[in-house]
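Residues per chain are reported as follows:
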Amino acid sequence: PGVLETVEQPEPSRKKRATGGGRKTASTRINSYDPFIQESASRYGVDPDLIKALINQESGGKKGVVSKKQAQGLMQVIPSTWASLGGGDPFD
């Protein structure tokens, strides 16, 4: 049983639209953050794949997710922890 339960609405069907569009996959969303992931991985000496795995597990790459326990953002950080790390916008 997982600890994270999001209050976000479930995504609509993942069927592609006739125009060739469709919903972004978690992988596509997460890869869009590559420059930030690479910078953070380098700065803190962490494997970028570990950061991607954490983001995938915690939010599926959806930056606006808030859990029932109020964990926020891509990595689902609790507000008090976020504040102790310097604050700012946890969704940025």
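To be clear, the structure that these remarks concern was listed above.
What this report covers is the structure whose coordinates are included nearby. (Residues numbered from 1 in each chain as written. Predicted model: local features only at pLDDT ≥ 70, side-chain atom pairs only at ≥ 80, totals over all residues. Heavy atoms only, no water.)

Let us now look at the environment of Asp34. Relative to the helices and strands, Asp34 is located in helix α2 (residues 34-44). Polar contacts involving the side chain of Asp34 include one to the side chain of Lys52, which spans 2.7 Å. (Helix = DSSP H or I, 4+ residues; strand = E, 2+ residues; numbered from the N terminus. Polar contact = N/O pair within 3.5 Å; in protein donor to acceptor, adjacent residues only side chain to side chain.)

Taking 1.5 Å as the rise per residue, helix α3 (residues 48-59) with 12 residues should run 16 Å; its terminal C-alpha atoms sit 16 Å apart, in good agreement. Taken together, the buried positions of α3 are Ile51, Lys52, Ile55 and Ser59. For α3, the arc enclosing every buried residue in end-on projection is 100°, short of the 170-degree limit, so these residues lie on one face. Those residues of α3 that are exposed and angled more than 90 degrees off the buried face are Asp49, Leu50 and Gln57. Close packing links the buried residues of α3 with α1 (26-31) and α2. The opening residue of α3 is Asp47, an N-cap whose side-chain oxygen sits 2.8 Å from the backbone nitrogen of Asp49. One or two positions beyond α3, positive phi appears at Gly60, with a value near 65°. (Expected span 1.5 Å × (residues − 1). Buried < 20%, exposed > 50% of the residue type's maximum accessible area, 1.4 Å probe, protein only. Arc of directions from axis to C-beta. Contact = heavy atoms within 4.5 Å.)

Attention shifts here to the side chain of Gln72. Mapped onto the secondary structure, Gln72 falls in the loop between α3 and α4 (79-84). When its relative accessible area of 18% is taken as the criterion, Gln72 is described as buried. Ignoring sequence-local partners within four residues, the contact set of Gln72 consists of Val65, Val66, Val77, Pro79, Pro90 and Phe91.

This part is about the nonpolar core. Generally speaking, nonpolar side chains in soluble globular proteins are found buried as a group. If you look at the biggest cluster of nonpolar residues, it comprises 7 residues: Ile30, Tyr33, Ile37, Ala41, Ile51, Ile55 and Leu74. If near-sequence neighbours (up to four positions away) are discounted, Leu74 is found in contact with Tyr33, Ile55, Glu58, Ser59, Gly61, Lys62 and Lys63. (Core = buried A, V, L, I, M, F, W, Y, C linked by side-chain atoms within 4.5 Å.)

Applying the stated criterion across every chain, the model contains 2 salt bridges. Of the charged contacts in the structure, one is a salt bridge between Arg43 and Glu39, with a shortest N-O distance of 2.7 Å. You can see Arg43 and its partner Glu39 sitting in helix α2, 4 residues apart, about one turn around the helix. Looking at Arg43, the relative accessible area reads 52%, which means it is exposed. (Salt bridge = Lys/Arg side-chain N within 4 Å of Asp/Glu carboxyl O.)

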